[in-house]
Amino acid sequence: NCLELYGGVGTIGLHVSDLVSKLISSDENPYNLSCFQKTVKMLPQEIQDIITYIPQRATDMVVGASSTRNDYYNRTGDSPKAQERTRPQSYSSAFLNADVCIVDPPRKGLDKEVLDALLNNETLGPKLLIYVSCGFPAFQRDTTLLVEGGVWKLQHAEGFVLFPGSDALETLAFLVRK
């Protein structure tokens, strides 16, 4: 199971959807849903069937939030009745049941609640954290907290210059639970 937080239109999560048994992608921008759904419809049906999009803030995905029928959409934007059948009991269950968590936060880095969830669930939750960052100072702060918190080990990190001539550095890191 893979949970993608700060997923935008699913660019990263959808690229690994054929490698996981279930993908839940989320982002707080409600306008991303339509683009996400259009992309999913281009994938093979067996991949479509394992993909869910939840338009929620990352903090709500890990610590839970009150939800209504209209908060939750699966890949096709099914009717409220179909949504009710497939909505998880608690958004935090998506986090606790994930084997892999992909995060691609804005430049400010991970929200405090997301960091807390990653640090306070030593036995439950993802075993692999894939961190994609466009803000190196926040990435450095977050990974230092995760590693020094004793729960995560930085397995690999690599920087990419995607915009030559600028000082922008994209970072990809893999952290594993100790």
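Per chain, residues are indexed from 1 in the order of the written sequence. Per-residue local features of the predicted model are confined to residues with pLDDT of at least 70, and side-chain atom pairs are confined, for both listing and counting, to 80 or more; whole-chain, interface and lining totals are unaffected and use all residues. In computing side-chain values, all of the structure's heavy atoms are included and hydrogens and water are not.

**Student:** Quick rundown of the overall build of the protein chain? Include the residues and the values.
**Tutor:** Segments assigned H or I by DSSP are reported as helices when at least four residues long, segments assigned E as strands when at least two residues long, and all are numbered from the N terminus. From N to C terminus, the protein chain includes 8 helices and 8 strands. Contacts are residue-level and defined by heavy atoms, with any inter-residue pair within 4.5 Å sufficient. Contacts in the protein chain between residues far apart in sequence, at least 24 positions, make up 65% of those at least 6 positions apart. The accessible surface values rely on the Shrake-Rupley method and a 1.4 Å probe; as for residues, cover is taken only from the protein chains in view. A total of about 9,300 Å² of accessible surface is found on the protein chain, and carbon and sulfur atoms cover 53% of it.

**Student:** Hey, could you go over the side chain of Thr171 for me, with residue numbers and the actual values?
**Tutor:** Here Thr171 is to be found in strand β8 (residues 170-177). Ignoring anything within four residues of it in the chain, the contact list for Thr171 reads Tyr131, Val132, Ser133, Phe136, Phe139, Glu158 and Gly159.

**Student:** Can you lay out the pairing of strand β1 (residues 2-5) for me, pointing to particular residues and giving the numbers?
**Tutor:** Covered by surrounding structure in β1 are Cys2 and Glu4 together with Leu3 and Leu5, the residues of both alternating faces. Alignment of β1 against strand β5 (residues 100-103), held across 4 bridges, turns out to be parallel. Considered in β5, the bridge of Cys2 is made with Val100. Residue burial is assigned from relative accessible area. The probe radius is 1.4 Å, only protein chains are included, and a residue is buried under 20% of its type maximum, exposed over 50%, and partly exposed in between. Any two strands with at least two DSSP-identified bridges between them are counted as paired.

**Student:** Quick one: what's the story with helix α2 (residues 32-40), residue by residue and with numbers?
**Tutor:** Every buried residue of α2 is accounted for by Asn32, Leu33, Phe36, Gln37 and Val40. Mapping the buried residues of α2 onto a view down its axis gives an arc of 130°, with all of them on the same face. Note: the arc covers the axis-to-C-beta directions of the helix.

**Student:** For the packing of helix α7 (residues 112-120) against helix α8 (residues 136-148), give the residues involved together with the corresponding values.
**Tutor:** α8 packs onto α7 with a crossing angle of 25° between their chain directions and a minimal axis gap of 10 Å. As far as their axial angle goes, α8 and α7 are roughly parallel. Where α7 crosses over α8, the handedness of that crossing is right-handed. Note on element contacts: α8 touches α7 through Asp142, Leu145 and Leu146, opposite Leu115, Leu118 and Leu119. Here the residues of the contact of α7 with α8 sort into 5 nonpolar, no polar and 1 charged. Helix axes use the C-alpha atoms of the stretch in contact, all axes being lines fitted to C-alpha atoms, and the angles between their N-to-C directions lie in the range 0 to 180 degrees. Put simply, angles under 35 degrees are roughly parallel, angles over 145 are roughly antiparallel, angles from 65 to 115 are roughly perpendicular, and the rest are oblique. Two helices cross in a left-handed way if the nearer one is turned anticlockwise from the farther one by less than a right angle. They cross in a right-handed way if the turn is clockwise. Residue polarity is assigned by list, with Asp, Glu, Lys and Arg as charged and Ala, Val, Leu, Ile, Met, Phe, Trp, Tyr, Cys and Pro as nonpolar; anything else, Gly included, falls into the polar class.

**Student:** Give me the confidence of the model for the protein chain: which residues, what numbers.
**Tutor:** Fine structural detail should not be taken from predicted coordinates in areas where pLDDT scores are low. The predictor reports its confidence for every residue as pLDDT, a score running from 0 up to 100. Averaged over every residue, the pLDDT of the protein chain is 85; residues scoring 70 or more account for 84%. Here residues 65-91 is modelled with pLDDT under 50, and outside its nearest four sequence neighbours on either side it reaches 49 contacts, counting other chains as well.

**Student:** With reference to specific residues and values, describe the packing of aromatic side chains.
**Tutor:** Aromatic rings considered in pairs are described by the distance between their centres and by the relative angle of their planes. Pairing of aromatic side chains here covers Phe, Tyr and the six-membered ring of Trp, requires ring centres within 6.5 Å, and sorts the geometry by plane angle: under 30 degrees stacked, over 60 edge-to-face, intermediate tilted. According to the stated counting rule, one finds 3 aromatic pairs in the structure shown. Aromatic pair Phe36 and Tyr53: ring centres 4.5 Å apart, planes at 45°, arrangement tilted. Placement of the pair is Phe36 in helix α2 and Tyr53 in strand β3 (residues 51-54), with a sequence separation of 17 residues. Owing to a relative accessible area of 0%, Tyr53 belongs among the buried residues under this scheme. Residues Phe136 and Phe139 carry aromatic rings whose centres are separated by 5.9 Å and whose planes lie at 40° to one another, so their mutual orientation is tilted. Of the two residues, Phe136 and Phe139 are both situated in helix α8; the distance of 3 residues between them amounts to about one turn of the helix. For Phe136, a relative accessible area of 35% puts it in the partly exposed group. The rings of Tyr131, Phe136 and Phe139 are connected pair by pair, giving a single aromatic cluster.

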